[in-house]
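Each chain is listed here by its residues.
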2 protein chains.
Amino acid sequence: MDTSPRPQADQLPATAALRHLRPEIRAMRGYTPGEQVRDCIKLNTNECPWGPSPAVAAALRTISDESMRLYPNPLAQGLRTAAAARFDVQPSQVLVGNGSDDCLTILYRAFLGAGSRVACPWPTYGLYETLATLQGVELVQVDYLQRGGTWELPSILARQAARMVVIANPNNPSSTLVDVTSLRQLAYELDGILVVDEAYIDFAATDASMLPYLDRHPNLVVLRTFSKSYSLAGARLGLLFAHPEVVTQLEKVKDSYNVNAISQCLGEVALQDRDYHRSLVMRILAERAVLEQACRGFGWSFPPASANFVLCEVGERAGDLYRALKARRILVRWWDTPQLRTKLRISVGQPQWNAAFIAAVAELLPGLGA
Amino acid sequence: MDTSPRPQADQLPATAALRHLRPEIRAMRGYTPGEQVRDCIKLNTNECPWGPSPAVAAALRTISDESMRLYPNPLAQGLRTAAAARFDVQPSQVLVGNGSDDCLTILYRAFLGAGSRVACPWPTYGLYETLATLQGVELVQVDYLQRGGTWELPSILARQAARMVVIANPNNPSSTLVDVTSLRQLAYELDGILVVDEAYIDFAATDASMLPYLDRHPNLVVLRTFSKSYSLAGARLGLLFAHPEVVTQLEKVKDSYNVNAISQCLGEVALQDRDYHRSLVMRILAERAVLEQACRGFGWSFPPASANFVLCEVGERAGDLYRALKARRILVRWWDTPQLRTKLRISVGQPQWNAAFIAAVAELLPGLGA
């Protein structure tokens, strides 16, 4: 029997609890939610500018009380089967995640133990770094902007002694694309797992996806999301494609009921309305061309955009322009980092949003100096 | 430039990929989804036998295209504020999870690094063990059934040199309750984090919750779920309550957008319909009394049930009875483990489900021998 006296004071300092945190967690920067500004034109988070398929909204009205009352299907079998049919793979090659962020978390936890490394091009999607910190492993960042966007990246990445390489393709924020041949070469050369995050692939050239090569590379994992071309960022749905034996192992790592029943249903319907999906993508590509033309007109350079956004080299006044646009309730993305501070990332919006952005820049630029 | 030759054959064996898995993951047993049997009486997974509030179903019909198109609020501010009001805490003391499973994952990842231990009573919710394996840490299991259910457990748990102690209260599968005084003593004595998982607390005596003592114990974390008394297992919603500084640290560990926009909305409405919630709980408690009386009539012993299920000592024929009931399409829970093989766990169902279970047992028992 423990006879240690109970402390006199009820109120202990919070530090007593905080010192039990893993040191990696304490050292991390606090979470900064994305800018939530009301009643503004949002060209800052790469969401789809139009809503999801009307069939999705209709499906939402058919959700039963039973779907809410009971635990969801743990493997999202309906959506898994629909995804397999849509992307021409076997259901056993599909894992459904609570957003592709969830799929990434599962991959880091499954493959990266103490002392292992993960590598990726940099700058890229910030979560790749956050997850490395959480997992307590080293992230090797390969700078591709310094290299003028020349994509010798795959062979560099293959030589990092990394257990896992993660490539967003098209990449964010650069909107650039690595060709399939280079990625397949990397899959061959890499003594590790190659994760190709194809969140934006529907906006790239056809034949850019690695999915058709899934059967050829057991170390290949391909990710897709419903947050962009399917316009379901609010529903949190991602897909992971891999060798069936890899999927079986990853199922051990995911939360048993990681995807809610409602989103499972919506995702299935969204995949089936292929006409709507095609029309969404076509509208966004047409608007991207308009946006690129205007940016060229401003004298900005940028790599050919393969995603639903453009990363423009604006120069020293980029930060000022970002702030001036925000004051007019137009949000674009600007990062105050050495690599990105002269650039702006602009998401493709609806025609009137893009027009408002273009008009505002045309008005603001002369006042901002060279 | 790497000049290693490309392999001759396209098709590599899957083992090439699998050897990159963390050894803990490879050694884990494969995931076994819960029994999904159609058209049966489900008294096996402790879901709520009635559906959610009609206000929840109504809210589902108001979800806009914009809610689906845009990323959800990362901290679920609406639901967080509603939960704070409902449970009489500050919003800064609340973290919303994708089910309380997600909250547990966040806690394990935040507090348990290499070499640390987590302790819990055993048998209990199996996820506590799975998460320890995933995190690569030792789980100390304190057997309480051997001790005849006497709850000297808290003082035993305090002496395990564990960085975190997790107690389901009421416990699953035993349906037993640890009193608040003992838990507070444990919180004082423990040099670590005390997690009290109150998934079933609404079915226990009033004043059983640790929530009123949150301000007194900075090392206390309380979990709640919407899967039981709110009948929203399909929506995946859990709540974590802790000291504001602890919540801030845990926010770094969670997925940025861990809870989808639709479930956030449904949870907020569910919390507000307090009359419906109260009536659901009352109906379940009334049915639990009927079930307990019948089980006593069968000569089964069980600890007083504090949750929406009863764990009965059935004897050697427990497994046979489980199988015979299943053949009649009535599912209860039976585990083929040394600790539990003579017991059955029966969830409280709707009156006609419970009646069917009672009638079937009355018919089957004589044929199964002593």
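Caption draft 1: Summary view of the overall build of chain A. The number of helices and strands found in chain A is 14 helices and 11 strands. Counting only C-alpha atoms, chain A reaches 80 × 55 × 50 Å along its principal axes. Per-residue burial for chain A yields a buried fraction of 62% across its 370 residues. Relative to all contacts within chain A whose residues are 6 or more apart in sequence, the contacts with residues 24 or more apart total 74%. Here chain A contributes 37 positive and 36 negative side-chain charges, whose respective centroids are spaced 3 Å apart.

Caption draft 2: Examining the pairing of strand E6 (residues 193-197) of chain B more closely. All names here are of chain B. For E6, a buried count of 5 out of 5 residues is recorded, marking the element as mostly surrounded by other parts of the structure. Judged by which residues are buried, E6 turns out to be covered on both faces: Ile193, Val195 and Asp197 on one side and Leu194 and Val196 on the other are all buried. For strand E5 (residues 164-168) and E6, the ladder comprises 5 bridges, and the chain directions are parallel. By the bridge assignment, methionine 164 is partnered in E6 with isoleucine 193. This β-α-β element, E5 to helix H9 (residues 180-189) to E6, shows right-handed connectivity. Taken together, the 4 bridges between E6 and strand E7 (residues 220-225) define a ladder with parallel strand orientation. Bridge assignment links leucine 194 to a residue of E7, and that residue is leucine 220.

Caption draft 3: Looking closely at the confidence of the model for chain A. Residues and elements named next belong to chain A. Confidence in the prediction of chain A, expressed as mean pLDDT, is 92, and 93% of residues score 70 or more. When the criterion is pLDDT under 50, residues 1-10 qualifies, and its contacts beyond four places in sequence or with other chains add up to 11 contacts. The complex model carries a pTM of 0.95, and its ipTM stands at 0.94.

Caption draft 4: View of helix H13 (residues 318-327) of chain B. Residues and elements named next belong to chain B. For H13, the complete set of buried residues consists of Ala318, Gly319, Leu321, Tyr322, Ala324 and Leu325. For H13, the elements touching its buried residues are strand E10 (330-331), strand E11 (343-347) and helix H14 (351-364). Remark: arginine 329 follows H13 within two positions and exhibits a positive phi of approximately 65°.

Caption draft 5: Up close: the relation of the copies chain A and chain B. Superposing chain A onto chain B requires a rotation of 180° together with a translation of 0.0 Å along the rotation axis, leaving an RMSD of 0.0 Å. The transformation relating the two chain copies, once decomposed into turn and shift, fits a two-fold axis. The rotation axis passes nearest to the C-alpha of Arg61(A) in chain A, at a distance of 2.8 Å. Same-surface contact between copies: 100% of interface residues of chain A are shared with the interface of chain B.

Caption draft 6: Geometry of the packing of aromatic side chains. Overall, the coordinates contain 14 aromatic pairs over all chains when judged by the stated rule. On the numbers, 5.5 Å between centres and 80° between planes, the contact of Tyr125(A) with Tyr128(A) is edge-to-face. Judged by its relative accessible area of 0%, Tyr128(A) is buried. Positioned above the aromatic ring of Phe309(B) is the side chain of Arg345(B), whose terminal nitrogen or guanidinium carbon lies 5.4 Å from the ring centre.

Caption draft 7: Examining the interface of chain A and chain B more closely. Listed as interface residues are 98 residues of chain A and, on the opposing side, 98 residues of chain B. Summing both sides of the interface, chain A and chain B together bury roughly 8,900 Å²; the carbon and sulfur share of this comes to 54%. Put simply, chain A and chain B have 2 salt bridges between them. Between Arg19(B) and Asp191(A) there is a salt bridge, with the nearest N and O atoms lying 2.8 Å from each other. Our count for the contact surface shared by chain A and chain B stands at 35 residue pairs in polar contact (both at pLDDT 80 or more). Residue composition of the side of chain A that touches chain B, by class: 45 nonpolar, 26 polar and 27 charged.

Caption draft 8: Region of interest: unusual backbone geometry. Of the consecutive residues Asn169(A) and Pro170(A), the connecting peptide bond is found in the cis state with omega at 0°. Position of Pro170(A) among the secondary structure elements: in the loop between strand E5 (164-168) and helix H9 (180-189). Cis peptide bonds are those with omega within 30 degrees of zero, and the linkage from Trp122(B) to Pro123(B) qualifies with 0°. Structurally, Pro123(B) is set in the loop between strand E3 (117-122) and helix H7 (127-135).

Caption draft 9: Up close: helix H12 (residues 274-297) of chain A. Residues and elements named next belong to chain A. Counted at 1.5 Å a residue, the expected span for H12 with its 24 residues is 34 Å, and the 35 Å between its end C-alpha atoms agrees. Taken together, the buried positions of H12 are Tyr276, His277, Leu280, Val281, Ile284, Glu287, Arg288, Leu291, Glu292, Ala294 and Cys295. Residues of H12 that are buried in the fold lie against helix H3 (54-60), helix H5 (77-87), strand E9 (309-313), strand E11 (343-347) and helix H14 (351-364). Of the residues flanking the end of H12, it is glycine 299, one or two places downstream, whose phi is positive at about 85°.

Caption draft 10: Looking closely at the sheet that holds E5(B). All names here are of chain B. The 7 strands lie next to each other as E2-E8-E7-E6-E5-E3-E4, forming an open sheet whose pairing is mixed. Only two strands of the sheet have a single neighbouring strand rather than two, namely strand E2 (94-97) and strand E4 (138-143). Adjacent strand axes in the sheet meet at a mean angle of 20°, parallel and antiparallel pairs treated alike. Here E3 pairs with E4 via 6 bridges, running parallel. Bridging from a neighbouring strand, alanine 119 pairs with valine 140 of E4. Running at roughly 155° to E7, helix H6 (residues 100-111) makes contact with E2, E3, E5, E6, E7 and strand E8 (238-241) of the sheet.

Caption draft 11: Structural detail: the side chain of Arg22(A). In this structure, Arg22(A) sits in the loop between helix H1 (15-18) and helix H2 (23-27). A polar contact is formed between the side chain of Arg22(A) and the backbone oxygen of Leu134(A), at a distance of 2.8 Å. Here the side chain of Arg22(A) touches Arg109(B) through a polar contact of 2.7 Å, landing on its backbone oxygen. Setting aside residues no more than four positions away along its own chain, Arg22(A) makes contact with Thr133(A), Leu134(A), Gln135(A), Gly136(A), Arg109(B), Ala110(B), Phe111(B), Leu112(B), Gly113(B) and Gln135(B).

Caption draft 12: Region of the structure containing the environment of Arg329(B). Residue and element names in this part refer to chain B. When you line up the elements, arginine 329 lands in the loop between H13 and E10. Taking relative accessible area as the criterion, arginine 329 reaches 41% and is therefore assigned partly exposed. A sequence separation of 287 residues divides arginine 329 from lysine 42, and the C-alpha atoms of the two residues are 8.4 Å apart.

Caption draft 13: Region of the structure containing the pairing of strand E2 (residues 94-97) of chain A. Residues and elements named next belong to chain A. Here E2 shows no split at all, with Val94 and Val96 on one side and Leu95 and Gly97 on the other all buried. One ladder, built from 4 bridges, connects E2 with strand E8 (residues 238-241); its direction is antiparallel. Within E8, the position partnered with glycine 97 by the bridge is glycine 238.

Caption draft 14: Region of the structure containing the sheet that holds strand E3 (residues 117-122) of chain A. Residues and elements named next belong to chain A. What the 7 strands build is an open sheet, ordered E2-E8-E7-E6-E5-E3-E4; its pairing is mixed. The open sheet terminates on both sides in strands that have one partner only, identified here as E2 and strand E4 (138-143). Neighbour-to-neighbour, the strand axes of the sheet open up by a mean angle of 20°, direction not taken into account. With 4 bridges joining them, strand E7 (residues 220-225) and E8 adopt antiparallel strand pairing. Looking at the pairing, threonine 225 lines up with glycine 238 of E8.

Thresholds applied
Residues numbered from 1 in each chain as written. Chains lettered and ligands numbered in written order. Predicted model: local features only at pLDDT ≥ 70, side-chain atom pairs only at ≥ 80, totals over all residues. Heavy atoms only, no water. Helix = DSSP H or I, 4+ residues; strand = E, 2+ residues; numbered from the N terminus. Buried < 20%, exposed > 50% of the residue type's maximum accessible area, 1.4 Å probe, protein only. Contact = heavy atoms within 4.5 Å. Lys, Arg positive; Asp, Glu negative; His and termini not counted. Charge placed at Lys NZ, Arg CZ, Asp CG, Glu CD. Pairing = 2+ DSSP bridges. Right-handed = clockwise from strand over helix to strand, strands pointing away. pLDDT = per-residue confidence, 0-100. Least-squares fit on C-alpha atoms with pLDDT ≥ 70 in both. Phe/Tyr/Trp six-rings, centres within 6.5 Å; stacked < 30°, edge-to-face > 60°. Lys NZ or Arg CZ within 6 Å of the ring centre and 35° of its normal. Buried area = accessible area lost by both parts, 1.4 Å probe. Salt bridge = Lys/Arg side-chain N within 4 Å of Asp/Glu carboxyl O. Polar contact = N/O pair within 3.5 Å; in protein donor to acceptor, adjacent residues only side chain to side chain. Nonpolar A, V, L, I, M, F, W, Y, C, P; charged D, E, K, R; others polar. Expected span 1.5 Å × (residues − 1). Axes fitted to C-alpha atoms, helices over the stretch in contact; angles between N-to-C directions.

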